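Coordinate analysis (summary)
As a plain string of letters, each chain reads:
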Amino acid sequence: LRFVELIVIDADVSMSSLIYFSLLNERSVAQPSNVLLNGGVTFNFPGDRIQLVASAKNLTDRRYYTTKLADRSSAGSLLGALGEPRTGMLTVRVKY
């Protein structure tokens, strides 16, 4: 790529161990250990004016919860908020 001055590749990994979402450490509302992988590529064009960034979160499309709770008023149902699925972004930055 002759027209690109610098290419930067980045990746990050975040890991969490078993998480309990209740004060009583109930397994029914726990999140098993989890690993999330994010990454991206940045293309810096000559002149330091234009930058193109392609990035993605949750590359393995891992399903995980950000919160979970047991609904005691119904027949043992669980409520929870899922974390973000695999997402991709393309960003163009222009300095003027």
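For the structure itself, look to the data block above.
These lines cover the structure that appears in this document, whether it is placed above or below. (Residues numbered from 1 in each chain as written. Predicted model: local features only at pLDDT ≥ 70, side-chain atom pairs only at ≥ 80, totals over all residues. Heavy atoms only, no water.)

1. As for the overall build of the protein
Our working definition: Numbering of helices and strands runs from the N terminus, with a helix taken as a DSSP run of H or I at least four residues long and a strand as a DSSP run of E at least two residues long. Within these notes, the globule rule equals 2.2 Å times the number of residues to the 0.38 power, and the radius of gyration is based on C-alpha atoms. Burial status follows relative accessibility: with a 1.4 Å probe on protein chains alone, a residue under 20% of its type maximum counts as buried, one over 50% as exposed, and anything between as partly exposed. Residues are treated as being in contact if the distance between any of their heavy atoms lies within 4.5 Å. All accessible-area figures derive from a Shrake-Rupley calculation using a 1.4 Å probe, and residue coverage is judged against the displayed protein chains alone. The charge count treats Lys and Arg as positive and Asp and Glu as negative. His and the chain ends do not count. Lys charges are placed at NZ, Arg charges at CZ, Asp charges at CG and Glu charges at CD.
In terms of regular secondary structure, the protein is built from zero helices and eight strands. Sequence-ordered secondary structure for the protein, helices as α and strands as β, is β-β-β-β-β-β-β-β. Relative to a compact globule of 96 residues, whose C-alpha radius of gyration would be 12 Å, the protein shows 20 Å and is clearly more extended. Scored against the burial criterion, the 96 residues of the protein give a buried share of 20%. Taking the intrachain contacts of the protein between residues at least 6 apart in sequence as the baseline, contacts between residues at least 24 apart amount to 52%. About 7,100 Å² of surface is accessible on the protein, with carbon and sulfur atoms providing 60% of the total. Each charge sign in the protein was given a centre, from 11 positive and 8 negative side chains, and these centres are 3 Å apart.

2. Describing unusual backbone geometry
Positive phi outside glycine occurs at Asn25, with the angle close to 55 degrees. Locating Asn25 in the fold gives a position in the loop between strand E2 (19-20) and strand E3 (30-31). With a relative accessible area of 44%, Asn25 lands in the partly exposed category. Not every positive phi belongs to a glycine, and Asp48 is a case in point at roughly 60 degrees. Along the chain, Asp48 turns up in the loop between strand E4 (34-44) and strand E5 (50-57).

3. Some thoughts on the sheet that holds strand E1 (residues 6-16)
Consider a sheet: its strands pair through backbone hydrogen bonds, and that pairing is either parallel or antiparallel. Note the cut-off: Strands are labelled as partners when DSSP assigns at least two bridges between them. Helix axes are fitted only over the stretch in contact, all axes being lines through C-alpha atoms; the angle between N-to-C directions runs from 0 to 180 degrees.
Strand order in the open sheet made by the four strands is E1-E4-E5-E8, with antiparallel pairing throughout. Across the chains shown, the open sheet's two edge strands, defined by having one partner strand only, are E1 and strand E8 (87-94). Within the sheet, the average angular offset between the axes of one strand and its neighbour, ignoring direction, is 15 degrees. Sheet analysis places E5 next to E8, joined by eight bridges and oriented antiparallel. Counted as the bridge partner of Lys57 is Thr87 from E8.

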